[in-house]
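Listed below, chain by chain, are the residues.
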Amino acid sequence: MKDELVRVGISIGDINGIGMEVILKTFEDPKILELCTPIIFGSNKTVSFQRKHFELNTNFQGIDKIEDAIVGKLNVLNCWKDSPSIAFGQVTEEAGKYAFLSLKKAVEALKKGDVDVLVTAPINKNNIQSEEFTFPGHTDYLAKELNGKSLMFMVSEDLKVGLFTDHVPLKEVSSHITESLIFEKIKAMNESLRKDFRLHRPKIAVLGLNPHCGDNGVIGNEDDEVIRPALKKLFEQGILVFGPFSADSFFATQNYRNYDAVIAPYHDQGLIPFKTLSFGSGVNYTAGLSRVRTSPDHGTAYEIAGKGIADADSFRQAVFTAINIFKNRIEYDELNHNPLKINDLEAEK
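Residues numbered from 1 in each chain as written. Predicted model: local features only at pLDDT ≥ 70, side-chain atom pairs only at ≥ 80, totals over all residues. Heavy atoms only, no water.

- Going by the annotation in an unreviewed UniProt entry, the name recorded for the protein chain is 4-hydroxythreonine-4-phosphate dehydrogenase, with Capnocytophaga canis given as the source organism.

Next comes the structure, spelled out in structure tokens:
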């Protein structure tokens, strides 16, 4: 039914990057509007400029109030009246200002329930900094605004990778790896796999922090003294968590296929294999929050901005993933309100 379409809020990201290009390319195909009602938080002028620049045929409807959004159409909510300067590939203070304004308005709508999910185009973590935005990225900002314990979760059809620490300097990672952090992140991942991805008894693999998991203390003791005991306690609580596994061979041997998700101690340890195996089809999902937020698995890509060659597949997948997770959560809540349905489903399995 048209009136049951998921309302997808979209922040435009850095206007000098590829964000608006991949947004407009995604909704150039009207079939996607049969699944959702997208609302871009920006302005008619900004969107029109980019559409004309890229010679795209994407149709959109400008609105001044979110309640005026037309179901099954691409809507642009006018969040500002001026026309910011667009300099493709350049890092400018102005681009950061409008990236944050778009994000702020979109998150406000998400919190109010005016949109069901949020899909964010890439920002530049430097020029977006201000008195209101003092975060290393979207994930931490959303955790504050939505009062949750966020988990950076990179997901694709074949691979799901989460992180104990995300935007943390490498020299500080080991000091962050504590039992409480491990409990928090793995419990968030386990809950997300069950609620958001409909996996009844998910299996989670954990990568070691040190080379060869420390080689019995020769190359560090965090794996034996912190990670392994924490995993044992979680397993005893009923969470199917395994490891730690030596990270250097885990993906090369295809071992990751034996698990529903993998969690890595630090950013590049998890994202390098994920982007190598899933780049272009992967999605950055912020798990652990009361609302659904996704984004593409790439950044602003200044080096190709304005050239019309950006691939929209990851942004398109981010939209699909947000819609699916939103519907999965509804189904999960319905089933948990009626335990008999869960038993019936388990019997069928």
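**Observations regarding the environment of Phe-197**
No. 1: You can see Phe-197 is positioned in the loop between helix 6 (179-195) and strand 8 (203-207).
No. 2: Measuring from C-alpha to C-alpha, the distance between Phe-197 and Asn-328 comes to 6.8 Å, with 131 residues separating the pair along the chain.
No. 3: Ignoring anything within four residues of it in the chain, the contact list for Phe-197 reads Phe-153, Val-155, Lys-160, Ser-192, Tyr-285, Ile-325 and Asn-328. (Helix = DSSP H or I, 4+ residues; strand = E, 2+ residues; numbered from the N terminus. Contact = heavy atoms within 4.5 Å.)

**Some points on the domain arrangement of the protein chain**
Size of an interface: often given as the accessible area lost when the parts come together.
No. 1: Taken domain by domain, the protein chain consists of domain 1 (1-148 + 289-348) and domain 2 (151-280).
No. 2: Of note, the centres of domain 1 and domain 2, computed from C-alpha atoms alone, are 28 Å apart.
No. 3: The partner domain 2 presents 16 residues to the 15 residues of domain 1 that form the contact.
No. 4: The junction of domain 1 with domain 2 conceals about 1400 Å² of combined surface from both sides, 53% of it contributed by carbon and sulfur atoms.
No. 5: In terms of surface lost to domain 2, no three residues of domain 1 exceed Asp-297, Asn-328 and Tyr-332, which account for 41% of the buried area on that side.
No. 6: Here Arg-329 and Asp-196 are joined by a salt bridge, their closest N and O atoms 2.7 Å apart.
No. 7: In this structure, the connection of domain 1 to domain 2 is made through six residue pairs in polar contact (both at pLDDT 80 or more).
No. 8: Elements with a contribution of two residues or more to the side of domain 1 that touches domain 2: helix 4 (138-145) and helix 10 (313-337). (Domains from an automatic or database assignment. Buried area = accessible area lost by both parts, 1.4 Å probe. Salt bridge = Lys/Arg side-chain N within 4 Å of Asp/Glu carboxyl O. Polar contact = N/O pair within 3.5 Å; in protein donor to acceptor, adjacent residues only side chain to side chain.)

**Regarding the nonpolar core**
No. 1: Of all hydrophobic cores here, the largest spans 92 residues; its most connected members are Phe-27, Phe-41, Phe-153, Ile-182, Ile-186 and Phe-315.
No. 2: In terms of residues, this core owes the most to one element, helix 3 (residues 93-112), which gives nine residues.
No. 3: Taken domain by domain, this core gets at least three of its residues from each of domain 1 (1-148 + 289-348) and domain 2 (151-280).
No. 4: Those residues in contact with Phe-41, other than ones at most four positions away along the chain, are Gly-9, Ile-10, Ile-12, Ile-66, Leu-77, Cys-79, Trp-80, Ser-102, Lys-105, Ala-106, Ala-109 and Val-115.
No. 5: In terms of nonpolar packing, the next biggest core, distinct from the first, is built from 15 residues, Met-152, Met-154, Leu-207 and Tyr-256 among them. (Core = buried A, V, L, I, M, F, W, Y, C linked by side-chain atoms within 4.5 Å. Buried < 20%, exposed > 50% of the residue type's maximum accessible area, 1.4 Å probe, protein only.)

**Description of the side chain of Thr-26**
No. 1: Take Thr-26: it is sitting in helix 1 (residues 19-26).
No. 2: Owing to a relative accessible area of 1%, Thr-26 belongs among the buried residues under this scheme.
No. 3: For Thr-26, the side chain forms a polar contact with the main-chain oxygen of Val-22, separated by 2.7 Å.
No. 4: Setting aside chain neighbours within four positions, we find Thr-26 in contact with Ile-32, Ala-312, Phe-315 and Arg-316.

**Section: the pairing of strand 4 (residues 75-78)**
No. 1: Inspection of the sheet shows strand 2 (residues 36-42) paired to strand 4 by four bridges, in the parallel sense. The partner of Ile-39 across the bridge, within strand 4, is Asn-75.
No. 2: Inspection of the sheet shows strand 3 (residues 61-63) paired to strand 4 by three bridges, in the parallel sense. Bridging across to strand 4, Gly-62 finds its partner in Val-76. (Pairing = 2+ DSSP bridges.)

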